[in-house]
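Report on the structure
Below, each chain spelled out in residue letters.
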Amino acid sequence: MAIPAEILAVERPKNTKVKKSGERYLVIKRTCKRVEGRNIPVDLGTIGEIVDGRYVAKRNEPRRKEIDVKDFGEIELCDRCADGLLQELADVWDLGDAKRLYVIALLRAAYGNVRNRDLQLQYQTSFVSEKIPGVALSENAVSAFLSSIGEDYSHICEFMRNRVARYADKNIIIDGMLKDYNSVTGSLSEFSRKALKKGSKDISLMYAYSPQAMEPIAVKAYPGNMLDSTAISDFLSQYKVTSGLMIFDKGFHNDALFEYIDKNKDMAALIPLKSDSKLIGKYGMDNPVDILEGYTDGTVMYKKVKMKNGKWLYAFRDAKAAYEQEVGYVERAEKNKNFSAKDYEQKRKRFGLIVFQSKRNLEPLNVYLAYLGRWEIEVFFDHYKNIVDRDEVNVHTDYRTYATELINFLTVIITMRVKKKLKKTGLSKNYSQKQIFRYLSKYKKVRSNANGKWESATMLKYISEICSVLGI
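Just so it is clear, the model here is predicted, and its values are computed rather than measured.

**A short note on the layout of surface pockets**
Taken as a whole, the largest pocket spans an internal volume of roughly 430 Å³. Those elements that place two or more of their residues in the lining of the largest pocket are β13 (312-318), α13 (319-336), β14 (353-358) and α15 (364-373). Per-element tally for the lining of the largest pocket: the top contributor is β14, with four residues.

Here it is in structure tokens:
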């Protein structure tokens, strides 16, 4: 088919011809060669085409793909709150591995439960790829990386021990939590005491938490069927916890724990006695009569006694809690038609009562405040499960589980610091943490020229004001 005259009339390089290909008009470079005394035309290949009445040259090299709009707000907030964490990692791992651990944790803190297959995309489209370039996060690369980190388990323990050392001589709350973990190959996947109700196996995580810093100090994974009272001695010895005031729940009672604490002179513990402990009756701890001076939130009475073995007992009764427990007991007994005056009289003295044992002579007010601080870890567990979205384990070998829990740990440190930042700035009074991150997701960095300067995209005024309050 003849080429239209208006196409042939378009100015194009010399020694070319126009060839129609479908609906396109290609421009072909030509030359000639001498064959048996005659000039024979030879096509050298397509060098461009006619588009909209003009010649467009073909690029000899494909244009390198660039991403010129990247998420900035949530990444910047998390990165600032994570100050010092990358250095902690680099103190243990080589810088390349430290960067990869940090970037994965940062992405998950900023975006929530990012699956391994999506890490590369989130990395490339966020500004962390500009801050820390060259991190390999393809699904296969991450899978191999997790296995490698888990195999070198001693590095994880060293990292945790370093963090424990930073909090020496401080109050440390220790508690455990269970997470769903159904694995055929992983030895940490076992049926816990709650497994029958849930219908799934668990992994047990032992956490140490600092009420002063309001962040976790260390974590260690155990099989789901291991009791906290069994795991605690291993946790303390493996991570070399040898000083400070440990605050435990009732479930940690065991002789090995007490022996370990008694052996370390710089270490003490607050652990509640069980309600049926004989020590309560023996030392009259169910009758605290002194008002706890300095504690204004409620009426709390206390009693402090030194035992014959040199250790101390601290009893506290919260009058409000005692009233609520007593009313609840009577209502339940009446509803179940099993009220017993004798049983009621025995229990009445224990309503609102909590008794601690410790080898250290402490101020009663400090003991009670330390006990109240233990509930911070319950807030932390709720944050871990609901804000960070880490209530399931999605890997199926022990090595990758160890590495994944390390990254989860780093992620929670960052998000707890973010929470503290939002509280300090006052933003948490009006916005939830998820709302803040949703607003920050509108804060982008853009560049209008290839390899040009990054600039902030235009934002709505209220988002800009939030960023200003956060200092980002």
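Now that the structure is up, let's keep going.
**Remarks on the sheet that holds strand β2 (residues 24-35)**
Sheet architecture is open: four strands sit in the order β1-β2-β3-β4, paired in antiparallel fashion. Whereas interior strands pair on both sides, the edge strands pair on one side only; in this sheet they are β1 (16-21) and β4 (54-57). This sheet shows a mean twist of 50° between the axes of neighbouring strands, independent of strand direction.

**Some thoughts on empty space enclosed by the protein**
Overall, the coordinates contain two cavities of 30 Å³ or more when judged by the stated rule. A volume near 100 Å³ is recorded for the largest cavity. Taken together, F258, I261, D262, A269, I271, K311, Q357, S358 and K359 make up the full set of residues lining the largest cavity. Every element with two or more residues in the lining of the largest cavity is listed here: α11 (255-263), β10 (267-272) and β14. It is α11 that provides the largest number of residues to the lining of the largest cavity, a total of three residues. Here the residues of the lining of the largest cavity are counted per class, giving four nonpolar, two polar and three charged. What lines the second largest cavity is Y153, I156, M160, V219, K220, A221, Y239, Y402, E405 and L406. Mapped by element, the contributors of at least two residues to the lining of the second largest cavity are α8 (153-166), β8 (215-223) and α17 (398-425). Across the lining of the second largest cavity, the residue classes tally to eight nonpolar, no polar and two charged.

Basis of the calculations
- Residues numbered from 1 in each chain as written.
- Predicted model: local features only at pLDDT ≥ 70, side-chain atom pairs only at ≥ 80, totals over all residues.
- Heavy atoms only, no water.
- 1 Å grid on protein atoms, 1.4 Å probe; cavity = no way out; pocket = protein on both sides within 12 Å on 5 of 7 lines; lining within 4 Å.
- Points joined across faces, edges and corners; volume = space filled by probe spheres on them.
- Helix = DSSP H or I, 4+ residues; strand = E, 2+ residues; numbered from the N terminus.
- Pairing = 2+ DSSP bridges.
- Axes fitted to C-alpha atoms, helices over the stretch in contact; angles between N-to-C directions.
- Nonpolar A, V, L, I, M, F, W, Y, C, P; charged D, E, K, R; others polar.

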